[in-house]
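Each chain is listed here by its residues.
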Amino acid sequence: MQNMNQILEPSRCEPARYDYKKSSYAEIYDVLQSLRQDEILCDIKLETDDGGFIFGHKVVLASASPYFHAMFTNFSEKNQDLVTIRQLDYSALQLLIDFVYSGKISITEKNVQILLPASNLLQLQEVKNACCDFLQAQLCPTNVIGINLLADLHGCMQLSTSSELYIQQHFSDVVEEEEFLSLSSEQIVKLISSDELTVPSEEKIFESVIRWVKHDLDSRKRILPQLIEHMHLPLTSKGYILKNVVDEPLLNNCFKCKDYVLEALRFHLLKSEELIPIPHNIRTKPRQPGGTHKVILVVGGLGINRNILNSTEWYDPKINKWQYGPKMITPRYAGGLVVVNDNFVLGLGGSNSKSTLQSIDGIDLTSESSRWRPTYDMLVERRWFGVGVINNCIYAVGGHDGNSYLNSAEVFDCRTRKCHTISNMFTKRFGHGLGVLNNLLYVVGGQFEKSVECYHPSLDKWTPIADMCVRRSAVGVGVVDDVLYAVGGCDGHQVWSSVEAYSPSTGVWTNIPDMHLCRRSAGVAVLDGLLYVVGGQDGASVLDSVEYYNPNTNKWTMVTASMNVARRYAGVVAIDRSRVRMFCEKVFCTYSIN
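Residues numbered from 1 in each chain as written. Predicted model: local features only at pLDDT ≥ 70, side-chain atom pairs only at ≥ 80, totals over all residues. Heavy atoms only, no water.

1. Side note on the overall build of the protein chain
Then step 1. For the protein chain, the helix and strand inventory stands at 18 helices and 29 strands.
Then step 2. On the principal axes, the C-alpha backbone points of the protein chain span a range of 125 × 85 × 45 Å.
Then step 3. By the burial criterion, 49% of the 594 residues in the protein chain qualify as buried.
Then step 4. By sequence separation, contacts in the protein chain at least 24 residues apart represent 55% of the contacts at least 6 residues apart.
Then step 5. Carbon and sulfur atoms form 51% of the exposed surface of the protein chain, whose accessible area is close to 29600 Å². (Helix = DSSP H or I, 4+ residues; strand = E, 2+ residues; numbered from the N terminus. Buried < 20%, exposed > 50% of the residue type's maximum accessible area, 1.4 Å probe, protein only. Contact = heavy atoms within 4.5 Å. Areas by Shrake-Rupley, 256 points an atom, 1.4 Å probe, with all protein chains shown as cover.)

Structural data, given as structure tokens:
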């Protein structure tokens, strides 16, 4: 009996607890939306200036919008069941109230102009951001000035910056549109005084300003001297000045303008006299559009569920935005991507769903109809290979031909359009990285290797150099300020977040701080002295994130804007922003929150 009593005695333990969290609130909002539509339990009726009525629940509206929260808690409307919303029409308010209850909204060319100010008024920041993203994708010469004005009016700083940059970089096209003639005097002065204008010549600016003034001559001719002050007339040709500027009636009737014309002629006179110093001012200084403004172009790759991608996109760090580019002819991954002569991007080899490729597709970034076109073929089919450019010669090194690993390499001379083999590497490699440093090729890791070898083009000779600290396959490689970086990769068991740096002056590899994320098969590009690492895989997931390393601070920073598409084994290069043309396409945007 004693044993039985011990068994039956309740055990002493901590009180049990089980935490449960509802995975989704969509069902609740579906019910609330249904109640609203049936006008059940509604405690507020919103009236718009155009006579429309919308029913709702104060608590729901207040929870989503700071505007409604203040209205229903701090002001007299909290005790009212009918409120008039000024400055909004019925259709805009209906779309936004539907968004509050459903988390979804469709943005189109027809409604974005009313949704942006309405979402700004109601302080629905997510919708406002979605409208800005939509307008960003719509930018083209016919609408960019209007979008810029809309962005400034409603405090959309990022859209304002990007649209202003677009105007500067597409000045010749923008000034041909009717919107240009509607600019205010302050706006046109700001535009033509910008050092960032991309124009074929100063003549284009002169002709555009004269056209703008004549569009409303009576009110605009008075500011002509101010406009001429910001033109770089001395940098136009002497013949153009004598033929077009001197005889322009608007200038002949303006004494102040004549002074600037004489200044331009005097500049050409002094320029012909080598011993006489030329006075310098803002009008004699050439514009410097873009400068070293670079963007990152990402091409193809493997996406989620191993789908092979033909999409491209590019990232502009000045506006922190990713935008889609022209689709490739053939979806491909694990190929090479290079830039030649600053404006030709070539995608080499790789793999599609059927085979390993030896084809090379190219795109001319300066073309009015930029699209990918087939060009030449490599000598050998290659994927997971390294590629680099030295003196307009494209080197394709190692990889896999679909049957075996390769130590062979070839070079394509862009000037002669001929391809030939070079000496073989010491080691067969695939999944390696390749960097160009001091006109030498450095082939790094691959196939779980930590060895590195260097190729001298003038000697046609490979030379082993110091091994890395760890084995790295699917490794990214970049060069910043004469330092070679080996980024991420894997050793067959572990995906690395670690990064190593090699300087030829020391001949050794040293570790630098780890990336924020583990990455293999990531793309690497160097832009403005920063080492960007794009996408890749962390061992489980394909990544859409980007981070960069600053050698001056010895720190990694995550880019807040993610790619539109998660990618690994994509081609990544840095290109000149002024070479990239943006296209105006009709877009229908659907935005939803999760």
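2. Points about the sheet that holds strand β13 (residues 393-400)
Hydrogen bonds along the backbone pair up the strands of a sheet, which may run parallel or antiparallel.
Then step 1. Across the sheet, which stays open at both edges, the four strands sit in the order β12-β13-β14-β15 with antiparallel pairing between neighbours. Edge positions in the sheet fall to β12 (386-390) and β15 (418-422), since each of these pairs with one other strand and no more. Between one strand and the next, the sheet's axes are offset by a mean angle of 20 degrees, whatever the strand orientation.
Then step 2. With seven bridges joining them, β13 and strand β14 (residues 405-413) adopt antiparallel strand pairing. Bridging across to β14, H400 finds its partner in Y405. (Pairing = 2+ DSSP bridges. Axes fitted to C-alpha atoms, helices over the stretch in contact; angles between N-to-C directions.)

3. Remarks on the packing of helix α13 (residues 202-215) against helix α16 (residues 238-245)
Then step 1. Between α13 and α16, whose axes approach to 11 Å, the crossing angle comes to 15 degrees. Taken together, the axes of α13 and α16 are roughly parallel relative to one another. As for how α13 packs across α16, the hand of that crossing is right-handed. Facing E203, F206 and E207 of α13, the residues of α16 in contact are Y240, N244 and V245.
Then step 2. Its residues assigned to classes, the contact of α13 with α16 comprises three nonpolar, one polar and two charged. (Parallel < 35°, antiparallel > 145°, perpendicular 65-115°, else oblique. Left-handed = near helix turned anticlockwise from the far one by under 90°. Nonpolar A, V, L, I, M, F, W, Y, C, P; charged D, E, K, R; others polar.)

4. Details of the sheet that holds strand β10 (residues 359-364)
Then step 1. The antiparallel open sheet is built from four strands, whose spatial order is β8-β9-β10-β11. Strands at the two margins of the open sheet, each flanked by one partner only, are β8 (336-340) and β11 (373-377). Across the sheet, the mean angle from the axis of one strand to that of its neighbour is 30 degrees, orientation sign disregarded.
Then step 2. Both β10 and β11 contribute to a ladder of three bridges, which runs antiparallel. For D361, the partnering residue across the bridge sits in β11 and is P374.

5. Focus: the packing of helix α8 (residues 144-153) against helix α9 (residues 157-169)
Then step 1. One can describe the packing of α8 onto α9 by two numbers: an axis separation of 8 Å at closest approach and a directional angle of 155 degrees. Of the possible angle classes, the one that applies to α8 and α9 is roughly antiparallel. Pair α8 / α9 crosses with left-handed handedness. Seen from α8, the contacting residues are V144, I145, I147, N148, A151 and D152; seen from α9, they are L159, S160, S163, E164, Y166 and I167.
Then step 2. Per-class residue counts for the contact of α8 with α9 are seven nonpolar, three polar and two charged.

6. Quick word on unusual backbone geometry
Then step 1. For N392, which is not a glycine, the phi torsion comes out positive at approximately 65 degrees.
Then step 2. Look at N392 and you get partly exposed, because its relative accessible area is 24%.
Then step 3. Despite not being glycine, Y569 has its phi angle at roughly 55 degrees, a positive value.
Then step 4. Secondary-structure assignment places Y569 in the loop between β27 (555-558) and β28 (571-576).

7. Quick notes on the confidence of the model for the protein chain
Then step 1. Predicted confidence across the protein chain gives a mean pLDDT of 88, with 91% of residues reaching 70 or more.
Then step 2. Mean pLDDT values over the elements of the protein chain span from 38, in strand β29 (residues 589-592), up to 98, in strand β26 (residues 546-550).
Then step 3. Ignoring residues within four places in sequence, the model shows residues 1-8, a span with pLDDT below 50, making zero contacts including any to other chains.
Then step 4. Confidence over residues 581-594 falls short of pLDDT 50; this stretch has 44 contacts with residues more than four positions distant or in other chains. (pLDDT = per-residue confidence, 0-100.)

8. So, the state of the cysteines
One way to say it: the disulfide is the covalent bond shared by the sulfur atoms of two cysteines.
Then step 1. Taken as a whole, this structure holds zero disulfides when the rule is applied.
Then step 2. Unpaired in terms of disulfides, C131 finds its nearest cysteine sulfur in C132, a separation of 6.9 Å.
Then step 3. With no disulfide of its own, C419 has C393 as its nearest cysteine by sulfur position, at a separation of 10 Å. (Disulfide = S-S within 2.5 Å.)

9. Quick notes on the pairing of β26
Then step 1. Of all five residues making up β26, four are buried, and the element is well covered by its neighbours.
Then step 2. Bridging between strand β25 (residues 530-534) and β26 involves four bridges; their strand directions are antiparallel. What sits directly across from Y532, in β26, is Y548.

10. Quick notes on the environment of G303
Then step 1. By the secondary structure assignment, G303 is in the loop between β5 (294-299) and β6 (312-316).
Then step 2. Taking the relative accessible area as the measure of exposure, G303 reaches 2% and is therefore buried.

11. What about helix α4 (residues 66-74)?
Then step 1. The complete set of buried residues in α4 reads F68, M71 and F72. With its buried residues spanning 80 degrees around the axis, α4 presents them on a single face.
Then step 2. Lining the buried residues of α4 we find β1 (44-48), α3 (58-64), β3 (82-85) and α5 (90-102). (Arc of directions from axis to C-beta.)

12. A word on the side chain of S65
Then step 1. Following the sequence through the fold, S65 ends up in the loop between α3 and α4.
Then step 2. Here L122 takes part through its backbone oxygen, which lies 2.6 Å from a polar atom of the side chain of S65.
Then step 3. Leave out the neighbours within four places in its chain, and S65 touches L122 and L124. (Polar contact = N/O pair within 3.5 Å; in protein donor to acceptor, adjacent residues only side chain to side chain.)

13. Overview of the packing of aromatic side chains
Then step 1. Counted under the stated rule, the structure contains 17 aromatic pairs.
Then step 2. Taking 5.5 Å as the distance between ring centres and 80 degrees as the angle between the ring planes, the aromatic pair formed by Y67 and F68 counts as edge-to-face.
Then step 3. The exposure class assigned to F68 is buried, which follows from its relative accessible area of 1%.
Then step 4. The cationic tip of R36 hangs over the ring face of Y101; the distance from NZ or CZ to the ring centre is 5.0 Å.
Then step 5. Positioned above the aromatic ring of F53 is the side chain of K45, whose terminal nitrogen or guanidinium carbon lies 4.4 Å from the ring centre. (Phe/Tyr/Trp six-rings, centres within 6.5 Å; stacked < 30°, edge-to-face > 60°. Lys NZ or Arg CZ within 6 Å of the ring centre and 35° of its normal.)

14. A word on the side chain of Q136
Then step 1. Structurally, the position occupied by Q136 is in helix α7 (residues 125-138).
Then step 2. Here S162 takes part through its side chain, which lies 2.5 Å from a polar atom of the side chain of Q136.

15. Concerning the nonpolar core
One recurring pattern in soluble globular proteins is that nonpolar side chains are buried together.
Then step 1. Within the largest apolar cluster, 77 residues are counted, with the highest numbers of intra-cluster contacts made by L46, L61, F68, F180, L224 and L227.
Then step 2. When residues in this core are grouped by element, the largest group, seven residues, is from α5.
Then step 3. Here L227 is in contact with I188, V189, I192, V209, W212 and V213, once residues within four sequence places are set aside.
Then step 4. Counting 15 residues, the second-largest nonpolar core is a separate cluster that includes V298, W322, V546 and V559. (Core = buried A, V, L, I, M, F, W, Y, C linked by side-chain atoms within 4.5 Å.)

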